[in-house]
Amino acid sequence: RSSFRSSCWLFQFIWRRTADTAYKIYSTEKVDLVLTDWAPDLDGIFLLDRIRKSEDSPNPFVPIVVVTANTEIRHVCHARDHGMTEYLAKPISATLIYQRICTVIERHRDFIKNRDFFGPDRRRRDGKWTGADRRRSEPVEAPKTQSVWN
């Protein structure tokens, strides 16, 4: 464990080699943010699932940043679909970590829970729709078209 003080913030970093030992620490310590590696030798998605879905998880709403070299869109979508809060591609720097922490704090997203998903709302765009509100308008008759068979 190592700690440092910067203005009014106190940070404590706890490093663990396996998802199981990380979850044990997570279950006993007060944790405000999780950065988990997703690499061949460390399954950060397993830890993510355990934090989000376990009955004994002390805080399934904790922000989780997945750090990985897997940068293909399918990997990003996979982590997103498992409930990650942010995604950080390697190589990383202190500046990138700081930016993700700021994003987690400043752009908080509500959580969604259904039978297939639990995690932060996956929509990142501002929800202000400027088009017609089709859910409340009267039904529109479909235009008449000629059949190609006539």
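What comes next is a walk through the structure. If you're wondering where the values come from, they're calculated on a predicted model, not measured in any experiment.

How each quantity is defined
- Residues numbered from 1 in each chain as written.
- Predicted model: local features only at pLDDT ≥ 70, side-chain atom pairs only at ≥ 80, totals over all residues.
- Heavy atoms only, no water.
- Phe/Tyr/Trp six-rings, centres within 6.5 Å; stacked < 30°, edge-to-face > 60°.
- Helix = DSSP H or I, 4+ residues; strand = E, 2+ residues; numbered from the N terminus.
- Buried < 20%, exposed > 50% of the residue type's maximum accessible area, 1.4 Å probe, protein only.
- Lys NZ or Arg CZ within 6 Å of the ring centre and 35° of its normal.
- Salt bridge = Lys/Arg side-chain N within 4 Å of Asp/Glu carboxyl O.
- Pairing = 2+ DSSP bridges.
- Right-handed = clockwise from strand over helix to strand, strands pointing away.
- Axes fitted to C-alpha atoms, helices over the stretch in contact; angles between N-to-C directions.
- Parallel < 35°, antiparallel > 145°, perpendicular 65-115°, else oblique.
- Left-handed = near helix turned anticlockwise from the far one by under 90°.
- Contact = heavy atoms within 4.5 Å.

Let us look at the packing of aromatic side chains. Applying the stated criterion to the full structure yields 4 aromatic pairs. Ring geometry for Phe-61 against Phe-118: centres 5.4 Å apart, planes inclined by 75 degrees, an arrangement best described as edge-to-face. With a gap of 57 residues between them, Phe-61 in the loop between helix H2 (44–53) and strand S4 (64–68) and Phe-118 in strand S7 (residues 118–120) connect regions that are remote in the sequence. Residue classification places Phe-118 among the buried positions, given a relative accessible area of 13%. With a centroid separation of 5.4 Å and an interplanar angle of 50 degrees, the aromatic rings of Phe-111 and Phe-118 are classed as tilted. Take Phe-111: its relative accessible area is 22%, and that puts it in the partly exposed class. One aromatic cluster is present, built from ring pairs that chain together Phe-61, Phe-111 and Phe-118. For the cation-ring pair, Lys-113 lies above Phe-118, with the distance from its terminal atom to the ring centre recorded as 5.8 Å.

If you walk through the whole model with that rule in mind, you get 7 salt bridges. With a shortest N-O distance of 3.6 Å, Asp-49 and Lys-53 are connected by a salt bridge. A residue pair is termed a helical-turn pair when its members lie 3 or 4 positions apart in one helix, as Asp-49 and Lys-53 do in helix H2 at 4 residues. With a closest N to O distance of 2.9 Å, Asp-81 and Arg-80 form a salt bridge.

Let's shift gears to the pairing of strand S3 (residues 34–38). Residues Val-34, Thr-36 and Trp-38 point to one face of S3 and are all buried, whereas Leu-35 and Asp-37, pointing to the other face, are not buried. Examined bridge by bridge, S3 and S4 share 5 bridges and lie parallel to one another. Along S4, the bridge assignment pairs Asp-37 with Val-67. Between the parallel pair S3 and S4, the chain is carried across by H2, and the sense of this crossover is right-handed.

Across the interface, helix H1 (residues 19–28) lies against H2 with an axial gap of 9 Å and an inter-helix angle of 30 degrees. By the angle between their directions, the pair H1 and H2 is classed as roughly parallel. Of the two elements, H1 crosses H2, and the hand of that crossing is right-handed. Contact residues: Ala-19, Asp-20, Ala-22, Tyr-23 and Tyr-26 in H1; Phe-46, Leu-47, Arg-50 and Ile-51 in H2.

Purely spatial values, then, with no claim about function.
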